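The chain contents come next:
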Amino acid sequence: MDSLTRKKGKEKLQEADVENPFVVRFKAPANETEEERLRRVRAFQDAQKVSRQIDENLAESKKLLERRRKAMRILLLGQAESGKSAVLKNFRIAFTPNQLRKERGVWKIIIQLNLIASIKTILSAIHDDDSGSADDKRPSPPLTPPHTPTKDDTVNKSLRRLHLRLTPLLSVETNVNRMVSVDPVGSKDICVRAGNSWKSKLGFRDSTRASFESEDMPTHSQASTQADLSRLLEACKDDLIELWANTDVQEILTTKEINLPDMPGFFLDDVARIASPDYEPTDDDIVRARVRTVGVEEHHLIAETVTNKGTEFFIADVGGARGSRWTWIPYFDDVQAILFLAPLTFNQMLEEDPRVNRLEDTLMIWREICSNALLADCNLIVFFNKKDILEKTINAGVQVRRFVPSYGDLPNDIAHVTKYFKDRFKAYHKRLSPKPRPFISHDTSAIDTHSTIALVIAGNAPVTNPPYRLCLMPFISSTVHDGIIRNNLQRSDMI
Ligand SMILES: Nc1nc2c(ncn2[C@@H]2O[C@H](COP(=O)(O)OP(=O)(O)OP(=O)(O)O)[C@@H](O)[C@H]2O)c(=O)[nH]1
Ligand SMILES: [Mg+2]
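Note that the structure is predicted; figures quoted are calculated from it, not measured.

Asks: An account of the coordination of the magnesium ion (ligand 2) is needed here, citing residue identities and associated values.
Replies: Within the protein, the magnesium ion (ligand 2) binds to Ser85 (OG) and Thr293 (OG1); these donor distances fall in the range 2.1 Å. Of this pair, Ser85 sits in helix H4 (residues 84-95) while Thr293 sits in strand E3 (residues 292-294), and the two are 208 residues apart along the sequence. Overall, the relative accessible area of 14% leaves Thr293 in the buried class.

Spelled out as structure tokens, the structure:
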């Protein structure tokens with residue numbers, strides 16, 4: 001390099017430096033003392049470190065954006081308790097079973113809390129019943145001697161004794177619930193904030209983000225409270241079994257129309273197993289565990305299984321309660337497929353507004369999703385979930401027309417009921433979609449990890465049974481692919 005070129009290069013560098021606010025900011029002032037120089041150099045090095053960190057973060061975000069663009073982007077939608085998180089767990093069982101296995105300890109505590117929540121429901125039903133009879137101001141028949149116990153007295157006494165024995169368990173449950181739940185008193189469910197911090201509080205260490213999560217790890221006393229929960233549960237095992245098997249308890253629940261087995265997070269039939277010291281939750285237990293989603297949780301899954309190894313999914317699981325639905329909108333932007341959970345629970349009301357029928361609410365959300373212009377190119381797949389509950393309801397003789405007058409005199413059997421509601425979903429889909437798109441639906445029971453849902457999600461069913469169409473994986477890929485082709489053709493004005 002000749003001296004002229006070198007000189008020109010230096011001038012250029014100086015020009016660039018003059019424009020670079022970073023260099024300008026740390027330029028040596030005239031008459032700088034040694035102490036000032038050292039301070040300036042240290043500040044410069046710190047600023048350089050921050051700048052490098054920002055560059056790395058930007059590069060990382062860019063990489064993640066690129067991966068996101070190539071991955072399958074799925075949004076789970078539906079009202080509260082429709083089974084969105086249960087479907088997500090089915091995805092995790094199918095594609096990232098090892099990752100889910102690492103969380104077993106967390107789910108064990110959630111299942112214990114779910115179990116105790118059912119016990120609390122029973123105890124409060126007994127208490128109401130008890131105080132109801134105590135409030136009964138009818139005078140006793142004059143000929144009944146006050147000290148002769150009636151059958152009711154004996155029942156109440158034995159139930160009260162059981163209640164008393166369970167008191168320590170209930171108070172430990174309250175303490176554990178407080179560690180994770182954002183609303184430990186106001187909601188019947190465990191409500192957690194989006195993200196992993198609630199899992200960390202229950203002892204889960206995310207190996208990929210250990211340093212970020214450590215501050216959320218349980219303290220020594222919290223960990224010992226969690227251990228107390230297991231110990232007390234074991235000690236109360238026989239009382240819990242006795243309480244649930246008690247015919248008077250069953251009678252009280254029936255009178256109050258409390259149907260615990262159909263409620264979320266029901267584990268009372270498994271007390272003996274769950275309260276044993278070596279209990280480890282199975283995949284089925286984990287899917288049945290109930291934690292209410294608050295906000296939106298995005299899960300990045302990288303398939304571990306041989307057949308789909310490396311396939312990436314970004315699955316957003318949203319909170320479905322009415323007050324949470326506004327949080328869904330930012331996720332409409334780049335989603336490829338929506339799995340819409342639509343349980344056909346025609347005889348149930350919303351928890352957040354008991355005047356609103358659950359199925360009517362689901363149809364209302366469905367209409368909004370179908371007609372949303374942002375989602376015009378998105379593939380909508382409906383899961384008519386909780387088919388087990390629908391079957392039980394119909395088999396128990398509950399008449400659809402009592403809750404849905406338009407059902408009229410159609411036969412009250414599964415086939416007709418399912419078809420009737422499916423047709424309504426299909427009609428709205430056809431009428432309201434901004435552009436034509438296929439209507440795809442599956443009847444599912446998300447808690448049955450060996451049933452349709454597993455086949456639909458993983459697509460690892462035998463070729464002959466069920467048919468290929470049932471498999472969601474190839475289906476999502478192909479519909480996403482079709483969608484992309486459709487978009488490109490439209491952009492080039494070919495369709
Ligand atoms: N019986 C039955 N229970 C189900 C089914 N699908 C989900 N559940 C249970 O219903 C409860 C609620 O399911 P979640 O997946 O937590 O519901 P969600 O839609 O995520 O609800 P939010 O987070 O409140 O929006 C859980 O205890 C599930 O195990 C099903 O097909 N049948
Ligand atoms: Mg959820």
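Asks: Summarise the pattern of salt bridges; cite the residues concerned and give the values.
Replies: Considering all chains together, one arrives at 32 salt bridges under this definition. Between Glu360 and Arg424 there is a salt bridge; the shortest N-O distance is 3.7 Å. Taken together, the residues span a long stretch of sequence, with Glu360 in helix H15 (residues 358-371) and Arg424 in helix H18 (residues 414-432) at a distance of 64 residues. The network of salt bridges with common partners includes Arg322, Arg325, Asp353, Arg355 and Asp361.

Asks: Talk me through the layout of surface pockets; I want residue IDs and the actual numbers.
Replies: What the largest pocket holds in volume is close to 1,300 Å³. Around the largest pocket sit 45 residues that line it, and Lys188, Asn259, Asp262, Met263 and Pro264 are the ones nearest its centre. Those elements that place two or more of their residues in the lining of the largest pocket are helix H6 (104-135), helix H7 (151-180), helix H12 (247-255) and helix H16 (387-395). With 6 residues, the single largest contributor to the lining of the largest pocket is H6. Among the residues forming the lining of the largest pocket, the class breakdown is 18 nonpolar, 14 polar and 13 charged. Each of domain 1 (69-96 + 303-491) and domain 2 (103-134 + 149-288) contributes no fewer than three residues to the lining of the largest pocket.

Asks: Outline the pairing of strand E7 (residues 379-384), supporting the account with residue identities and numerical values.
Replies: In terms of residue burial, E7 counts as a mostly covered element, since 6 of its 6 residues are buried. With burial as the criterion, each face of E7 is covered, one bearing Asn379, Ile381 and Phe383 and the other bearing Leu380, Val382 and Phe384. The pairing of strand E6 (residues 337-341) with E7 spans 5 bridges and is parallel. Across the sheet, residue Leu339 finds its bridge partner in E7, namely Ile381. The handedness of the E6 to E7 crossover, carried by H15, is right-handed. In terms of strand pairing, E7 meets strand E8 (residues 440-443) through 4 bridges, oriented parallel. Bridge pairing links Val382 to Ser441 in E8.

Asks: Which residues make up empty space enclosed by the protein, and what are the values?
Replies: Counted under the stated rule, the structure contains 2 cavities of 30 Å³ or more. The volume enclosed by the largest cavity comes to roughly 50 Å³. Arg68, Arg73, Ile74, Leu75, Glu298, Phe314, Ala316, Tyr331, Asp334 and Val335 are the residues that line the largest cavity. Taken together, the elements giving at least two residues each to the lining of the largest cavity come down to strand E1 (72-77) and strand E5 (312-318). No other element matches E1, which puts 3 residues into the lining of the largest cavity. Residues that form the lining of the largest cavity fall into these classes: 6 nonpolar, no polar and 4 charged.

Asks: Give me the lowdown on the site of ligand 1, citing residues and values where you can.
Replies: Looking at ligand 1, there are 26 residues lining it, with Lys84, Ala86, Arg290, Gly320 and Asp388 nearest. Note that an oxygen atom of ligand 1 is positioned 2.7 Å from one of the side-chain N or O atoms of Lys84. The separation between a nitrogen atom of ligand 1 and a polar side-chain atom of Asn385 is 3.0 Å. A total of 650 Å² of accessible area belongs to ligand 1 in isolation, and the protein chains cover 95% of it. Those elements giving two or more residues to the shell around ligand 1 turn out to be H4, helix H14 (283-288), E3 and H16. The greatest single-element share of the shell around ligand 1, amounting to 3 residues, is contributed by H4. Classifying every residue of the shell around ligand 1 by side-chain character gives 9 nonpolar, 10 polar and 7 charged. Formed jointly, the shell around ligand 1 draws a minimum of three residues from each of two domains, domain 1 (69-96 + 303-491) and domain 2 (103-134 + 149-288).

Asks: Which residues make up the UniProt feature "binding site: Mg(2+)" (unreviewed entry) in the protein, and what values do they have?
Replies: The sites that carry the UniProt feature "binding site: Mg(2+)" (unreviewed entry) are, in the present numbering, Thr293. Of note is the side chain of Thr293, whose polar atom sits 3.0 Å from the side chain of Ser85.

Asks: I'd like a description of the nonpolar core, backed by residues and values.
Replies: Across soluble globular proteins, nonpolar side chains show a tendency to be buried alongside one another. Counting 69 residues, the largest nonpolar core has Phe91, Ile122, Trp198, Leu243 and Leu268 as its most contacted members. For this core, the element with the most residues is H6, which contributes 13 residues. Residue contacts for Trp198: discarding those within four places in its chain leaves Val106, Trp107, Ile110, Val180, Val192, Arg193, Val291 and Glu297. Val318, Phe346, Leu375 and Val382 belong to the second-largest nonpolar core, a separate cluster that totals 34 residues.

Asks: An account of the UniProt feature "binding site: GTP" (unreviewed entry) in the protein is requested, with residue identities and associated values reported.
Replies: Sites flagged by UniProt as "binding site: GTP" (unreviewed entry) map to Asn385, Lys386, Lys387, Asp388 and Ala446. In sequence the annotated residues extend across 62 residues, while in space they remain close, none of their C-alpha pairs exceeding 9.5 Å. Lining the largest pocket, from this annotated set, are Lys386. Within the secondary structure, Asp388 sits in helix H16. In this structure, Ala446 sits in the loop between E8 and helix H19 (452-458). For Ala446, a relative accessible area of 4% puts it in the buried group.

Rules of the game
Every chain begins its residue count from 1, and numbering advances along the sequence as written. Chain labels run from A onward and ligand labels from 1 onward, assigned in the order the entries are written. Owing to the predicted nature of the model, reporting of local features is limited to residues with pLDDT of at least 70; listing and counting of side-chain atom pairs is limited to 80 or more, with chain, interface and lining totals taken over all residues. Note: side-chain values were computed over all heavy atoms of the structure, leaving out hydrogens and water. Excluding water, the donors of a metal are its N, O and S neighbours within 2.8 Å, or within 3.2 Å for Na, K and Ca, and that exclusion means sites may look incomplete. Each helix is a run of H or I in the DSSP string that is no shorter than four residues. Each strand is a run of E no shorter than two, and both are numbered from the N terminus. Only protein chains enter the area calculation, which uses a 1.4 Å probe; residues under 20% of their type maximum are buried, those over 50% are exposed, and those in between are partly exposed. The salt bridge criterion pairs a side-chain nitrogen of Lys or Arg with a carboxyl oxygen of Asp or Glu, the two atoms within 4 Å. Two kinds of site are reported from a 1 Å grid over the protein atoms alone, namely cavities, where a 1.4 Å probe fits but cannot get out, and pockets, open sets with protein on both sides within 12 Å along at least five of seven lines, and residues are called lining when an atom falls within 4 Å of a point. Grid points are joined across faces, edges and corners, and a volume is the space filled by probe spheres set on the points. Think of it as three bins: nonpolar holds Ala, Val, Leu, Ile, Met, Phe, Trp, Tyr, Cys and Pro, charged holds Asp, Glu, Lys and Arg, and polar takes everything else, Gly as well. Throughout the structure description, domain borders are defined by an automatic or database domain assignment. The pairing criterion is simple: DSSP has to find at least two bridges between the two strands. We call a crossover right-handed when, viewed with the strands running away from us, the connection from the first strand over the helix to the second turns clockwise. One heavy atom suffices: a residue is near a molecule or strand as soon as one of its heavy atoms comes within 4 Å of it. Polar contact is the term for a pair of N or O atoms within 3.5 Å; when the atoms are in protein, one must be able to donate a hydrogen and the other to accept it, and sequence-neighboring residues count only if both atoms are side-chain atoms. A 1.4 Å probe and the Shrake-Rupley method give the accessible areas. Residues count as covered only by the protein chains that appear here. UniProt positions are given in the numbering used here, feature names are shortened, and annotations may be inferred rather than shown by experiment. By convention a nonpolar core is built from buried Ala, Val, Leu, Ile, Met, Phe, Trp, Tyr and Cys residues, the set being connected through side-chain atoms within 4.5 Å. Contacts: residue pairs with any heavy atoms within 4.5 Å of one another.

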